[in-house]
Amino acid sequence: MYSEFDIHAYLVSYQDMAFFEHEAEVAVDQLNEMLHYIHSLAAEDDTLETLEEVVRRTLFDWIENPELLDLDSDEMYTYIEEQLADARQQENDEHE
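A. Region of the structure containing the nonpolar core. Counting residues in hydrophobic clusters, the biggest one holds 28 residues, and the most contacted among them are F5, M17, F20, I38, W62 and I80. Taken together, the elements giving at least two residues each to this core come down to α1 (24-41), α2 (48-64) and α3 (73-94). Ranked by the residues each element gives to this core, the list is headed by α1, at nine residues. In contact with M17, not counting residues within four places along its chain, are V12, A24, A27, V28, L31 and W62.

B. Layout of unusual backbone geometry. Positive phi outside glycine occurs at E21, with the angle close to 50 degrees. Checked against the element boundaries, E21 lands in the segment before α1.

C. Examining the packing of aromatic side chains more closely. For the coordinates displayed, the defined rule picks out two aromatic pairs. Arranged with centres 5.5 Å apart and planes meeting at 20 degrees, the rings of F5 and Y10 form a pair that is stacked. Of the residues examined, F5 reaches a relative accessible area of 5% and is grouped as buried. Assessed through its relative accessible area of 21%, Y10 is described here as partly exposed.

D. A look at α1. Helix length check: α1 (18 residues) gives 26 Å between terminal C-alpha atoms against 26 Å at 1.5 Å per residue, within 8%. In this fold, the buried residues of α1 make contact with α2 and α3.

E. Expanded view of the pattern of salt bridges. One pass over the structure, following the stated rule, counts four salt bridges. Across the pair R88 and D46 runs a salt bridge, and its minimum N-O distance is 2.7 Å. Of the two residues, R88 sits in helix α3 while D46 sits in the loop between α1 and α2, which places them 42 residues apart along the sequence. When the shortest N-O distance is used, the salt bridge between R57 and E53 registers 2.9 Å. On the criterion of helical spacing, the pair formed by R57 and E53 is a turn pair, its members being four residues apart in helix α2. Of the two residues, R57 and E53, neither departs from the other in class, the shared state being buried. Taken together, the salt bridges that share partners define one network made up of E53, R56, R57 and D86.

Calculation rules
- As a convention, each chain's residues are numbered from 1 in the sequence order in which they are written.
- Owing to the predicted nature of the model, reporting of local features is limited to residues with pLDDT of at least 70; listing and counting of side-chain atom pairs is limited to 80 or more, with chain, interface and lining totals taken over all residues.
- Only hydrogens and water are set aside; all other atoms, that is, all heavy atoms of the structure, feed into the side-chain values.
- Take the buried residues of types Ala, Val, Leu, Ile, Met, Phe, Trp, Tyr and Cys, join any two whose side-chain atoms come within 4.5 Å, and each joined set is a nonpolar core.
- Summary of the burial criterion: residues with accessible area below 20% of their type's maximum are buried, those above 50% are exposed, and those between are partly exposed, where the area comes from a 1.4 Å probe applied to protein chains only.
- Numbering of helices and strands runs from the N terminus, with a helix taken as a DSSP run of H or I at least four residues long and a strand as a DSSP run of E at least two residues long.
- We call two residues in contact whenever any of their non-hydrogen atoms come within 4.5 Å of each other.
- Two rings belonging to Phe, Tyr or Trp (six-membered ring only in the last case) form a pair when the distance between their centres is within 6.5 Å. Interplanar angles under 30 degrees mark stacking, angles over 60 mark edge-to-face geometry, and anything in between is tilted.
- Helix span, as expected, comes to 1.5 Å for every residue beyond the first.
- The term salt bridge refers to a pairing of a side-chain nitrogen on Lys or Arg with a carboxyl oxygen on Asp or Glu at a separation within 4 Å.

Here it is, written out as structure tokens:
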């Protein structure tokens, strides 16, 4: 369950985001904020695999889509809500 999920294992540093060059600090702050949203939005019945899938998707999207730097906090929160809903649905579909 989500109690096994340790957000600290996924938090990024400036060195991790160096490829964003001049926007690396912003990228670090925003990505870590999104990772905290995953933790705060986790439901009691979320599996570790579901939460890790959302982290994976978020990290991949963040690297592949630099325009995500333009999101504000509300948009990042909504993005994570949508990713969690999609990952939960995918997990439900796999178990049917």
